[in-house]
Each structure stands twice: as structure tokens, then as C-alpha cells.
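Fold and contact review
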Amino acid sequence: MDIFMRKRQSRLPTRLLSPDTVLKRRKANSFELATLLCSYLIGNGFAACVVSGYATREIVNNDQRRVSCPYVPCPVQESIEEEVTEPSKYHLRDPPDLRSRYLLDLEEEKLNKIRDEQRKLEQAQQHAIEELERPAEDSKAGHRVHAWVVVIINAPWCYKPGYRETVIDPNSGERVLLPPSAFFIEPASGFRYEVDASCYMGIESVWNQHNYYVNKQDPITDIKSMRWDFKNTKDWEHFLPGEPYELREDCIVPEDQEPLTTEEELEKEKHLDLPASWVGPLRVTRKQFEERFPNGSKVIHFKRAVYERFAPYSNMIGLSKRLTLYETLEYENPTTRWEWYINRDDSLALIMHDYASNDTEETFARGRPDSLRMLRRSSEANRECTLTFFHQYRFDSLKELIYHPSYVRESYDRRDDLLYFREFKNIPRNLETSEDCKLTQITEKFHRNPAKEAVRDIATRTCYIEENRIVLQFHYNDDCITASTREFIKPPKSEMGEEVPYDPSSTSGYISNPWDPQPTHLELFLLLKEQLKAEETSCRAFKCRVADTETLLSERKKQIESPKLKFSLFDPLRNEEARRVRLQKYEQVKAREEMIKQQQADFLAPYLLRMNANDVSRERLRTAYQDCVQDLGSFYHTMEDEMKVRLDELIAEEQALKRFLAKFQDHFEDEEYEKFITEGENIELNKNVVGMRIENLQDEYQQKVEHLEKTVQDKMGKVSFDDGHP
């Protein structure tokens, strides 16, 4: 909300606008702003009051140019999950320290002196900078009238949880409130200040919905040591007679007398009738709340910083906040810029640009198809680009990717194959000859696999593509201080067919434990085949990684140049029209379905379409009617024949069951005989059902024929079809 700055600040306002009028006009002086903020705080249960007093020039003018910006983001330190390992009981002792303690103490004293001198120099420089940046002296200091809000803690009429602190009285044993304390809120900026803040210079009076209190404490400028107990008439004088019931100390009523209500207590000391409140209800519509600022934007100048805020959907790029830091107080030479985004289709949340290094860091929210979390790159050519991902949502568990034209580094987390690091080194693409990049080296690192022996569990695999070598290093065994290694010289590609040729002289290795058996030629051959297959898989992964990364970077370039915004399904401000259209279509579809249900099928329609509307004779009409009746009769006769076949099958089944029971009824137990009787009853029931369906088909057929005749009579006039009726 903009602050309405008056030209002559020494004059008090001649009128006080109501809070609802302030919300409509969206500009106010300090008294009107404080009244509006106090109304909201009281409505939420706080013990808030409007303060009338004196403040500094910067507070009165809402000048933040000498205030450090509180919205500067703190550097985010990513949590690195380290493996928790138990310390081994076998460790080397530290060598004895044979240095002279006297010489060490002298060296420490020299270092302390250098540190003290450097600290004093920094303090002197900081003090000099503060002196230069200190604003000019104010000739009206202590005479600038201002209004702000005070929130009383431990007030009797406070209903906000957490703002009433009680203790047990050691004398009476009852729980009582602690002495009231307070803090300030500046309504123009929303900042919280403690009572010892130097920006507020004196308090004359305060008021709330209960009363008006005049400050009698001497001196009135000593805000830090002020007492905030409004019941104490030595410190505060209330203007209106009859304090609130909960503030009175003499409200204890004898047991034989009914306690007085708040209205009765006020009526007892009532001396004047106050007019009814003229303030309307404080209502903020959804549209007004989303707009937030006049014209949808606001700019605040802090010390060497410019803070800009924008309403949602007020710009086409989704920018909500922007903070720019500068080197000088005149806002020259920007150093860093942060931009916050919302409602972006690409899930962009934050962009940080460093002007010194010309680096850009983009942060994304969850929800992207590629699970990108952060993108750090430079505008300069041939600089590495760092991509961080939400590895929990990726199938390959990729956590971080460092992409450079000459190398690619990948970091993984919790993969099934225990791979956690992979690096590709390559010769960059030649743009003149359009030759693709050539892979030269692959380095892969794996975590320890407890299911394998350490001498067979690969820790590092390095493939030298141009030298045709594969170097393996295995994990350390528990009782070894070195790791086993193995090196293979790959056979030439010309000799590699369906089977991989193996030459024992092309491999060499080192076994850290001399008591471990040497690997056989078969084991080495199988290990070589496994490494060749792994190298081929890594080469394919490199090509896919380069293609995916270049595609991602090109897509990011398009998304930055032409951003798109998304709308929530539950956004009533932008989905109202779409919701109305959807409801209208739904009602139309529902009405069409109801109309179709109520209408009867017109069996004569396909036959009438064959006729010429200009040539409708008796013979053509009789022919169409006969064709329709003939097709209808054929359809129903087919269904009737199927029902009769089913009826004959049931009759034959019933007769066969009767003959079977008549012949073998003495060979069954009572339970088995009852089962046959039940089966016969089911057959009789099915036979009756089929007979009823045959009768229903015949009746339905007659009704259809009558409906056809009536339809023809309604459309073409009354015509007799006695000679053509089947």
C-alpha cells in the first residue's frame, strides 16, 4: 500500500479516514495505516493499540535507503549425506610433536597481534564508512509526529495463543500473568521493532477498542523503560470512564451477590453516550488480495539494494519478486540479482545472476519431466554447466551432472549397480568439419558390494579408448593396506568376431593378499568379456547423455525466450469462464440424453430415406412399409427360433433326467436324490422363463408393427394397408 506523503509534515491530519475507506483508496497517512493494522490485529486476538508519538525522519517518510535489506537470500548449503563408518580399532599413532612449545607460543602471539591489528583496521574502516553514509542532521528531530502499532504481551484482553505468559505466585499459589511487555510494528513497512529501537523517540498516547490512554510517565521519551500496565493510573490516564471489565482490579464480588456483567459495570460509571461506529466491515476480495499493490507492482529502495514486488499474473513471465544489489548508495554498478517466479509452466522458481563472474543459477520446483532441480551456467562460451536433479524421481538416480565440451561428470545416488561417479573425457566437436565428439576415456567408481569379496568387487574402472586398455582397481580388503588391480589390453577390433579372443599375455594384475589364489584363465576371460560389455554400455550412455543435455539446454533457451504460465484448476479468477462453458456443455449433453431416452425408435426412417421426397406414391409407400415389416419380422422370427431351440433343449434335458431318475432312483442316497430333484426344478423354471420370453417377443412384434403403421399415417397421411399387412 502506497504511503500518502503530505508536503507539510509538521501539520497533523485534519481528519481520520475509516479503515474500509483506506482499503478502497489504497493510500493513507501513518494514523490511518496504524488504525487499519490495529483493527486486523485485534480481530485476530492480539492486544494491539495505536500509538501516537514522535519518530525519526526516515520512519516518518518511510525512507528505507539507510536500512539493510532483510530479504537477501542466505547461501544455501546442500546437505551432503556422508557414510557413517565405525572407527577401526587398528589405526596408526600420531608422530610425537618435537617442536618447541616456547617457539610455538611466540608464533601464536605474533599471529594474535596481526589478527588484532587487522580487526582494528576493519573496525576503523567500517566506522569511517558509517560516518560517510550517515544521513544529514535533522533540524526537526523529536518533533515529527507519527503513528504506529504496539502489541502488548501478557495483556488481560489478549486471546492470541502464546502471548499470555503466566507464573505461579509463591505467596498465594495461584497462577498469575507476568508483567506486561510490548513490541512495535511499523504499519508502513511491516517491520517489527523492539521497544529500545532508536527510530521511535517518544510516546504521548495510545488507544484501542476499549479506551484512550495518555502517557503520564516522565519523561515520555524514555520508551525503553516504559511500563505497559494500563491499570496503573500513575503511568496511564484513561480518557473514557469505565474501563473494560477484565482490566478492573476491584471486580471481586462477594459470594452472596451475583457478579455484574461487563455492560452493567460500564453502565455504572457511564457519563456519555458514544456514537455508533461508522466503519464498515473490512472486506478484501480475492481479486484485490491478488493485486496486492496499486497497479500490481511496488518498488522499495534499501541500502545498496532495490527490492521489487509484482502481483501474480501481472506480467507474462511470471515474475513475482526481484532483488538487485549495488556497490554504491546511488544504486550504481549492480553486483547480484535474484528473481523469483511463480506459476511458470517450466516450474522455474528462482534465477540468481552474478555480475562479477557472469554466472547464472536457475532453481526449479518439483514437477518437471526431467526432474531438474538447479542449472548453473555461464554466458561465456566453453564454460562448464552444472545440472542438479531430484534424483529420487529419476530412473537412473542421477544427482549431479557437470557438462563441458571436453568432459562430462556424473554423480549418482543409491543405484542398484552401486555406481556413484562417472566421468567421460572426449575431444570436442569440430564445428568446421561437423565431426562429432570423440570419446577418449571413461572413469567409473562404485560403492562396496557386501555380497562380493573385496578382491572381486570393482571400485574403479578406467577405460582408455585410444590406448585400448581397461584398468580395474578393486576395493580394499579388511586386512590389506593396498588394493588389488587388473589391467587388460583389448584385442584389436579386426580380430573380434562372435567370440572375444583371449591372450594371457595381454593381462596383468596385482593381488594385495599373497595368500589369495591367483585367478584362472577362465575367470580372466569372463572378466574381460564383462568389462568389454560394460565399456560398450558406457559408450552408449555417453552418446545419450550428450544428446539429452544438449536437448535440455536448447529447450531451456526456448522456455526463457517464450515463457508460458499455468493456471491452477481451483483458481476461480481465471477458470470461471472455463467452468461456465464446461457446465453448459454438460447440461446440453444431459438434456440430449434425456430427450433420446424419451423418444421411441423410428424403424421406418431408413426406408423413407430411400424414397424421393418429391415422388411419394401409394405403391412406393406400400413397398417401403412392406420392406420394413419384412425385416422386422425376420429379426423377431430369428430371435423366436433361437428361444424355441433353447426350449427344446430344456425339454429334452428334462425328459432325460426323468428317465434317469426312474431307472436309477433306488441307487442314490437321500442327499444325492434331493440334488437331482433341485436340478429338475431349475430346468422347469428355465423352461417357463423361455416360454414367457417367446410370448413377449410375439407381443412386442405386434406392437412394433402397429407403431410402424401409425408412423406412416402421421408422416404421409392416413393410408390403408389392409392388402399389404402380413
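Quick notes on the rules
- Residues numbered from 1 in each chain as written.
- Predicted model: local features only at pLDDT ≥ 70, side-chain atom pairs only at ≥ 80, totals over all residues.
- Heavy atoms only, no water.
- Helix = DSSP H or I, 4+ residues; strand = E, 2+ residues; numbered from the N terminus.
- Buried < 20%, exposed > 50% of the residue type's maximum accessible area, 1.4 Å probe, protein only.
- Areas by Shrake-Rupley, 256 points an atom, 1.4 Å probe, with all protein chains shown as cover.
- Phe/Tyr/Trp six-rings, centres within 6.5 Å; stacked < 30°, edge-to-face > 60°.
- Lys NZ or Arg CZ within 6 Å of the ring centre and 35° of its normal.
- Contact = heavy atoms within 4.5 Å.
- Pairing = 2+ DSSP bridges.
- Axes fitted to C-alpha atoms, helices over the stretch in contact; angles between N-to-C directions.
- Disulfide = S-S within 2.5 Å.

Of regular secondary structure, the protein possesses eleven helices and 27 strands. In the protein, which comprises 726 residues, the proportion classed as buried is 33%. As presented, the protein carries roughly 49,200 Å² of accessible surface, and 51% of it is formed by carbon and sulfur atoms.

Here we come to the packing of aromatic side chains. A complete count under the given rule lists 22 aromatic pairs for this structure. An angle of 75 degrees between the planes, with centres 5.8 Å apart, marks the rings of Trp148 and Phe184 as edge-to-face. Pair noted here: Trp148 is in strand β4 (residues 145-153) and Phe184 is in strand β7 (residues 181-185), with a separation of 36 residues, a long-range link. Given the relative accessible area of 0%, Trp148 is considered buried. Geometrically, the ring pair formed by Phe184 and Tyr200 is edge-to-face, given 5.4 Å between the ring centres and 80 degrees between the ring planes. Taken as a pair, Phe184 in strand β7 and Tyr200 in strand β9 (residues 200-207) lie far apart in primary sequence, 16 residues in all. Given a relative accessible area of 0%, Phe184 falls into the buried group. The structure contains a cluster of three or more aromatic residues connected by ring pairs, namely Trp148, Phe184, Tyr193, Tyr200, Tyr213, Trp228, Phe230 and Trp236. One cation-aromatic arrangement involves Arg415 over Tyr412; the distance from NZ or CZ to the ring centre is 4.5 Å.

Tracing the chain through its elements places Ser512 in the loop between β27 (507-510) and α7 (521-561). Taking relative accessible area as the criterion, Ser512 reaches 16% and is therefore assigned buried. Beyond its immediate stretch of four places on either side in the chain, Ser512 contacts Cys480, Thr482, Ala483 and Ser484.

This brings us to unusual backbone geometry. Notably, Arg26 is not glycine yet its phi reads approximately 60 degrees, a positive angle. The residue Asn358 is not glycine, and still its phi comes out positive at about 60 degrees. Structurally, the position occupied by Asn358 is in the loop between β16 (348-354) and β17 (359-364).

A separate point is the sheet that holds β7. A sheet is described by the order of its strands in space; here seven strands give the open sequence β8-β7-β4-β3-β9-β10-β11, paired in antiparallel fashion. Across the chains shown, the open sheet's two edge strands, defined by having one partner strand only, are β8 (192-193) and β11 (236-238). As paired elements, strand β3 (residues 48-55) and β9 share six bridges and run antiparallel to each other. Bridged to Val50 within β9 is Trp207. The strands that helix α2 (residues 30-43) touches are β3, β4, β7 and β9; relative to β4, the one it contacts most, it runs at about 15 degrees.

As a further point, take the state of the cysteines. Throughout the structure, instances matching the rule amount to zero disulfides. Summary of cysteine pairing: Cys38 is not part of a disulfide, and the nearest cysteine sulfur, belonging to Cys49, is at 6.1 Å. Classification of Cys38 as buried rests on a relative accessible area of 4%.

These figures come from the coordinates and say nothing about function on their own.
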